[in-house]
Amino acid sequence: MKSKVVHALILAALAGSAVAAECGPNTLGVERTITLKREGALYGAHQHTALPLKKGEVVLTFDDGPVPEYTPMVLKALADQCTKATFFMIGERLMQHPQLAKRVVGEGNSAGVHSYRHDHMAALGADEQLADLKKTQDIYRTTFGVSTPAYRFPFLEETPTLLAALKQANVTVASIDFGINDWLPDDTTEILVKRLTESLEKAGKGIILMHDANIPTAKALPALLKVLKDKGYKVVHLEWEN
Ligand SMILES: [Zn+2]
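Nothing here was measured: the structure is a model prediction, and the numbers come from that model. (Residues numbered from 1 in each chain as written. Predicted model: local features only at pLDDT ≥ 70, side-chain atom pairs only at ≥ 80, totals over all residues. Heavy atoms only, no water.)

**Student:** Which residues make up the nonpolar core, and what are the values?
**Tutor:** Of all hydrophobic cores here, the largest spans 46 residues; its most connected members are L60 and L228. If one sorts the elements of this core by residue count, helix α8 (residues 215-230) sits on top with 7 residues. Discounting residues that sit within four places of it in the chain, L60 has contacts with L78, T83, K84, A85, T86, I208, M210, L225, L228 and V235. Grouped together as the second largest cluster of nonpolar side chains are 14 residues, I34, L36, L51 and A150 included. (Core = buried A, V, L, I, M, F, W, Y, C linked by side-chain atoms within 4.5 Å. Buried < 20%, exposed > 50% of the residue type's maximum accessible area, 1.4 Å probe, protein only. Helix = DSSP H or I, 4+ residues; strand = E, 2+ residues; numbered from the N terminus. Contact = heavy atoms within 4.5 Å.)

Put into structure tokens, the structure is as follows:
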């Protein structure tokens with residue numbers, strides 16, 4: 001019995017070192033993981049309290065997926081750098097691509113939601129907003145087997161109705177610290193690298209908003225992650241208690 005336990009521990013240690021060796025010292029990696037409580041807190045210096053990050057620490061987030069064309073490119077770029085991100089998924093896309101969504105989380109990333117169809121919530125009535133949230137939460141539970149831990153407002157446009165509902169449901173409201181304005185279809189990798197570099201110089205740390213549903217971002221991500229690595233930034237990964 002005792003030797004079996006020791007054997008298991010050795011195997012576990014070997015498995016751990018094998019992963020570390022695969023990643024290598026020159027990958028971005030994950031510096032540490034913050035596991036947030038389910039208490040309906042609001043984070044992101046753009047609108048709320050900043051996450052407890054040290055200077056040089058960033059959280060990677062991707063919105064508007066999952067989409068079969070580009071999300072796998074983003075996953076590959078993250079895996080190549082042994083790093084992790086949080087994906088804020090559109091309910092309708094989550095419903096259309098459950099296997100891809102599960103792959104996102106299965107590869108060590110975390111997932112929140114980003115409304116059912118990316119409507120301007122303030123343009124909807126209170127009942128419609130709540131129905132949108134409920135529909136999205138139901139799809140999340142069906143897909144992942146747990147309740148929705150985090151929500152990012154479409155366009156970051158918050159409404160009192162949804163803020164109250166999210167608080168009531170202990171869902172984290174995940175705003176951002178800064179983005180790289182990566183929604184224009186013609187942006188080149190050079191432009192996105194320049195925007196990220198400038199934003200990092202200004203903010204020094206924080207939650208970064210990017211879009212896994214956008215081709216320029218998916219294409220540029222290896223270069224963007226290289227910027228982080230070369231400038232000595234450390235990735236902090238977000239998870240939530242179940
Ligand atoms: Zn969005």
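**Student:** Which residues make up the coordination of the zinc ion, and what values do they have?
**Tutor:** Within the first shell, the zinc ion binds the protein through D64 (OD), H114 (NE2) and H118 (NE2), at distances of 2.0 to 2.2 Å. Mapped onto the polypeptide sequence, the residues donating to the zinc ion form the spacing pattern D-x49-H-x3-H. (Donors = N, O, S within 2.8 Å, 3.2 Å for Na, K, Ca; no water.)

**Student:** Describe empty space enclosed by the protein, with residues and values.
**Tutor:** Throughout the structure, instances matching the rule amount to 1 cavity of 30 Å³ or more. Size it by volume and the largest cavity reaches roughly 40 Å³. As for the largest cavity, its lining consists of L36, Y43, T61, F88, R152, T172, A174, I207, L238 and W240. Contributing elements (two or more residues each) for the lining of the largest cavity: β7 (172-174) and β10 (234-240). Of the residues assigned to the lining of the largest cavity, the class counts are 7 nonpolar, 2 polar and 1 charged. (1 Å grid on protein atoms, 1.4 Å probe; cavity = no way out; pocket = protein on both sides within 12 Å on 5 of 7 lines; lining within 4 Å. Points joined across faces, edges and corners; volume = space filled by probe spheres on them. Nonpolar A, V, L, I, M, F, W, Y, C, P; charged D, E, K, R; others polar.)

**Student:** An account of the packing of helix α5 (residues 126-144) against helix α6 (residues 160-168) is needed here, citing residue identities and associated values.
**Tutor:** Remark: α5 packs on α6, axes separated minimally by 9 Å, with the N-to-C direction vectors making an angle of 40°. By the angle between their directions, the pair α5 and α6 is classed as oblique. When the axes of α5 and α6 are compared, the crossing they make is right-handed. Along the contact surface, α5 presents A126, Q129, L130 and L133, while α6 presents T161, L162, A165 and L166. Its residues assigned to classes, the contact of α5 with α6 shows 6 nonpolar, 2 polar and no charged. (Axes fitted to C-alpha atoms, helices over the stretch in contact; angles between N-to-C directions. Parallel < 35°, antiparallel > 145°, perpendicular 65-115°, else oblique. Left-handed = near helix turned anticlockwise from the far one by under 90°.)

**Student:** If you had to explain the packing of aromatic side chains to someone new, which residues and values would you point to?
**Tutor:** As enumerated under the stated definition, the model contains 3 aromatic pairs in all. The cationic tip of K135 hangs over the ring face of Y116; the distance from NZ or CZ to the ring centre is 3.9 Å. (Phe/Tyr/Trp six-rings, centres within 6.5 Å; stacked < 30°, edge-to-face > 60°. Lys NZ or Arg CZ within 6 Å of the ring centre and 35° of its normal.)

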